[in-house]
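Geometric and topological summary
Chain residues, written in single-letter form:
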There are 2 protein chains.
Amino acid sequence: MADLSLRGVFAPTLTPVQADLTIDLPAYIEFCRRLLEGGCHGLVLFGTNSEATSFCAAERMAAVDAVIEAGIPADRLVIGTGAAAITEAVALSRHAVQAGCRGVLTLPPFYYPNVSDKGLFRSFAAIIDGVNDERLRIYFYHIPQVSGVPLSPALLARLAEAYPRLAAGVKDSSGDVDTLLGLHAVARQSPGFAVFCGTEGLLLKNMQGGGGGCISGMANVLPHVIRDLYDNWQAPDAEERQDRTNWIRNAILDSGLNMIAALKVIVADQTGRPGWSRVRPPLVDLTEEEQAQLLAKLSQPVAA
Amino acid sequence: MADLSLRGVFAPTLTPVQADLTIDLPAYIEFCRRLLEGGCHGLVLFGTNSEATSFCAAERMAAVDAVIEAGIPADRLVIGTGAAAITEAVALSRHAVQAGCRGVLTLPPFYYPNVSDKGLFRSFAAIIDGVNDERLRIYFYHIPQVSGVPLSPALLARLAEAYPRLAAGVKDSSGDVDTLLGLHAVARQSPGFAVFCGTEGLLLKNMQGGGGGCISGMANVLPHVIRDLYDNWQAPDAEERQDRTNWIRNAILDSGLNMIAALKVIVADQTGRPGWSRVRPPLVDLTEEEQAQLLAKLSQPVAA
């Protein structure tokens with residue numbers, strides 16, 4: 001993995017599936033190209049918006065291989081490697097490192113709730129030690145409202161201290177400003193430790209606090225608008241640029257629809273491929289009525 | 001899989017690990033034998049108490065194979081096959097069916113919270129249809145305080161109706177009496193649908209309501225005491241027999257220690273094998289002090 005710090009706008013890439021729910025690799029590869037051409041600095045394959053945990057390890061590794069074989073540069077890829085089992089996280093992370101990917105984004109084991117910081121440190125240490133490769137760059141994934149497992153600033157500081165360079169940063173999807181600011185404090189103590197926000201809605205605040213960028217579901221449908229904010233966060237009209245990124249997210253949130261299913265419907269509309277609207281269980285496809293309501297709410301074909 | 005309904009006392013078998021955290025297969029096989037000789041009707045390999053989700057699919061299947069190859073009868077085994085990914089649950093379940101196991105105990109996909117009944121039905125249907133084998137007997141695993149995903153009586157009734165025989169029952173680990181009674185109502189509408197409780201503390205109530213028995217962590221350390229209650233639940237002194245099953249669970253709960261780590265320490269004490277006290281991350285081994293306090297609380301070597 002390259003030694004450069006990770007910075008920029010990353011899309012946790014949605015994963016298209018065929019009618020039999022297997023990954024539609026041609027559509028996937030085409031979409032990866034579209035996002036990079038659309039302004040993303042890089043892609044996170046198999047994040048939460050990718051329905052990562054709904055695919056088994058073999059499916060995840062085969063998809064990463066297919067994307068790289070199709071010519072997408074591995075150094076623009078970060079691979080989500082979180083799993084309930086440490087041994088699976090190690091296998092996924094090792095595969096990503098050996099494929100030359102830029103980094104891995106790793107959930108804590110997410111089955112047992114109320115896990116201690118000691119147990120979480122031991123988990124991530126077992127993953128890093130298990131991969132046992134100096135090229136590893138691991139970004140810790142904080143999304144407690146989904147995983148049920150918060151990562152405390154103290155835990156992250158301890159990991160950054162124990163594994164300099166390898167413990168490369170955090171993605172904070174809590175959506176909470178104070179939490180994000182607390183992580184900036186960790187980064188200030190650990191040079192090279194990058195803080196990414198999981199919503200583009202906090203991108204300006206993250207950049208102002210010294211963060212590295214965002215890894216945001218909306219980058220799947222609005223990459224150029226988010227990239228514009230990233231490139232111009234120090235401009236006088238940065239707040240207006242921030243506002244311009246918010247409208248689709250707000251429309252989806254207002255609709256009360258599942259975010260991932262809704263994003264896939266928007267991509268189906270943008271690409272003219274209706275199959276894009278499929279999700280894997282346990283998520284549920286939007287009904288035709290819900291799809292129509294959502295697209296009407298967006299009121300115009302969404303320009304990507 | 002045998003067509004007989006599942007009934008009796010089952011231990012969600014603890015999984016011993018070596019210092020490198022791989023499964024200690026000789027100790028595991030010896031322990032399976034010990035539990036069956038100690039009074040368990042059968043074993044659930046890779047339930048929550050087994051730290052199932054802390055082992056990857058390959059490790060889980062290899063351990064099941066090793067137990068059966070060592071001569072433990074497959075028809076006394078139920079295999080935990082829950083996974084975040086449907087494709088993994090299908091692979092684990094198919095493996096269990098083809099090995100001749102008595103049934104599978106299956107969690108819903110447990111990464112995303114707030115999943116709809118429609119999404120859960122679709123998940124379990126995808127698993128059953130994916131295995132596509134009339135020998136499958138699937139027990140749905142209700143443990144919302146850990147998995148974060150409750151299974152409603154309406155969902156279970158719908159599954160029992162859609163998949164007669166194959167949808168064979170439920171394990172209710174909620175620990176809540178009213179929930180258990182609600183599941184008895186489902187079973188009365190679906191002949192052959194068995195209700196197991198996840199705590200031996202509700203075994204008498206479960207039997208009185210027509211349930212099938214229990215799949216209880218305490219059966220790892222007190223199999224004969226729980227078996228005695230099961231065999232005598234209609235005896236005049238059944239309440240006293242119920243009380244006799246409660247003391248170790250209460251002692252662990254009073255101690256505030258993690259239940260799985262505590263049970264493993266008790267097995268280490270019972271078997272004279274200190275390595276039994278190891279857990280896999282994200283759980284944490286009890287300290288020597290905690291171990292000593294726990295064993296002192298139990299105040300005597302626990303007779304299994």
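One can find the structure itself at the top, above this paragraph.
Each residue is numbered by its place in its chain's sequence as written, counting from 1. Labels follow written order: the first chain is A, the first ligand is 1, and so on. Restriction of local features to residues with pLDDT of at least 70 applies here, the model being predicted, together with a cutoff of 80 or more for giving and counting side-chain atom pairs; totals for whole chains, interfaces and linings are based on all residues.

**Regarding the overall build of chain A**
Secondary structure summary: chain A contains 13 helices and eight strands in total. Within these notes, the globule rule equals 2.2 Å times the number of residues to the 0.38 power, and the radius of gyration is based on C-alpha atoms. What you see for chain A is a C-alpha radius of gyration of 18 Å, in line with the 19 Å of a compact globule of 304 residues. Expressed along its principal axes, the backbone C-alpha trace of chain A runs to roughly 50 × 50 × 40 Å. Remark: C-beta atoms are placed from the backbone, and a residue is labelled buried if 20 or more other C-beta atoms sit within 10 Å of its own, exposed if 12 or fewer do, or partly exposed between those counts. A total of 304 residues make up chain A; the buried ones form 55% of that total. Whether two residues are in contact depends on their C-beta atoms, placed from the backbone: they are in contact if these lie within 7 Å. Pairs at least 24 apart in sequence give 72% of the contacts found in chain A among residues at least 6 apart. A run of H or I in DSSP counts as a helix once it spans at least four residues, and a run of E counts as a strand once it spans at least two, with each numbered from the N terminus.

**Concerning the sheet that holds strand β8 (residues 213–215) of chain A**
All names here are of chain A. The sheet built from eight strands closes into a barrel, its strands ordered β1-β2-β3-β4-β5-β6-β7-β8 with parallel pairing. Between one strand and the next, the sheet's axes are offset by a mean angle of 25 degrees, whatever the strand orientation. DSSP-based pairing: two strands are paired if at least 2 bridges between them are found. Where strand β3 (residues 77–80) lies against strand β4 (residues 103–106), three bridges are found, and the strand directions are parallel. Paired with Val78 across the two strands is Gly103, which belongs to β4. Running at roughly 160 degrees to β4, helix α3 (residues 86–98) makes contact with β3 and β4 of the sheet. Only the stretch in contact is used when a helix axis is fitted, and all axes are lines through C-alpha atoms; the angle between N-to-C directions ranges over 0 to 180 degrees. Against the sheet, helix α9 (residues 223–231) makes contact with β1 (8–13) and β8, and its axis sits at roughly 155 degrees relative to β1, the strand it touches most.

**What to know about the pairing of β4(A)**
Residues and elements named next belong to chain A. Side chains Gly103 and Leu105 of β4 all project onto a buried face; the interleaved residues Val104 and Thr106 project onto the opposite face, where all are buried too. One ladder, built from three bridges, connects β4 with strand β5 (residues 138–142); its direction is parallel. The partner of Val104 across the bridge, within β5, is Ile138.

**A word on the sheet that holds strand β2 (residues 42–45) of chain B**
Working definition: the strands of a sheet are paired by backbone hydrogen bonds and lie parallel or antiparallel to each other. Residue and element names in this part refer to chain B. With respect to topology, eight strands assemble into a closed barrel ordered β1-β2-β3-β4-β5-β6-β7-β8, the strand pairing being parallel. Strand-to-strand twist across the sheet, computed as the mean angle between neighbouring axes with direction ignored, equals 25 degrees. The strands touched by helix α7 (residues 177–189) are β6 (167–172) and β7 (194–197); relative to β7, the strand with the most contacts, the crossing angle is about 165 degrees.

**As for the nonpolar core**
The nonpolar core is taken to be a set of buried Ala, Val, Leu, Ile, Met, Phe, Trp, Tyr and Cys residues joined by way of C-beta atoms within 7 Å. Counting 204 residues, the largest nonpolar core has Ile79(A), Ile226(A), Ile79(B) and Ile226(B) as the members making the most contacts within it. In this structure, Ile79(B) is in contact with Leu45(B), Phe46(B), Val64(B), Leu92(B), Ala96(B), Cys101(B) and Val104(B), ignoring residues within four places of it in sequence.

**Section: the packing of helix α11 (residues 247–255) of chain A against helix α13 (residues 288–298) of chain A**
All names here are of chain A. Remark: α11 packs on α13, axes separated minimally by 10 Å, with the N-to-C direction vectors making an angle of 140 degrees. The angle between α11 and α13 falls in the class oblique. Crossing geometry of α11 relative to α13 is assigned as right-handed. When α11 is examined against α13, the residues Ile248, Ala251 and Ser255 are found in contact with a partner set consisting of Gln293, Leu294, Lys297 and Leu298. In the contact of α11 with α13, the residues fall into four nonpolar, two polar and one charged. In this scheme, roughly parallel covers angles under 35 degrees and roughly antiparallel covers those over 145, while 65 to 115 is roughly perpendicular and the rest are oblique. Crossings are assigned a handedness: left-handed for a near helix turned anticlockwise from the far helix by less than a right angle, right-handed for a clockwise turn. In the scheme used here, Gly and all other residues not listed as nonpolar or charged are polar, with Ala, Val, Leu, Ile, Met, Phe, Trp, Tyr, Cys and Pro taken as nonpolar and Asp, Glu, Lys and Arg as charged.

**Details of the pairing of β2(B)**
All names here are of chain B. Judged by which residues are buried, β2 turns out to be covered on both faces: Gly42 and Val44 on one side and Leu43 and Leu45 on the other are all buried. Judged from the four bridges that link them, strand β1 (residues 8–13) and β2 form a sheet pairing that is parallel. The partner of Thr13 across the bridge, within β2, is Leu45. Orienting the strands away from the viewer, one traces the path from the first strand over the helix to the second; a clockwise path indicates a right-handed crossover. Taking the sense of rotation as the criterion, the β-α-β connection linking β1, helix α1 (residues 25–38) and β2 turns out right-handed. Taken together, the three bridges between β2 and strand β3 (residues 77–80) define a ladder with parallel strand orientation.

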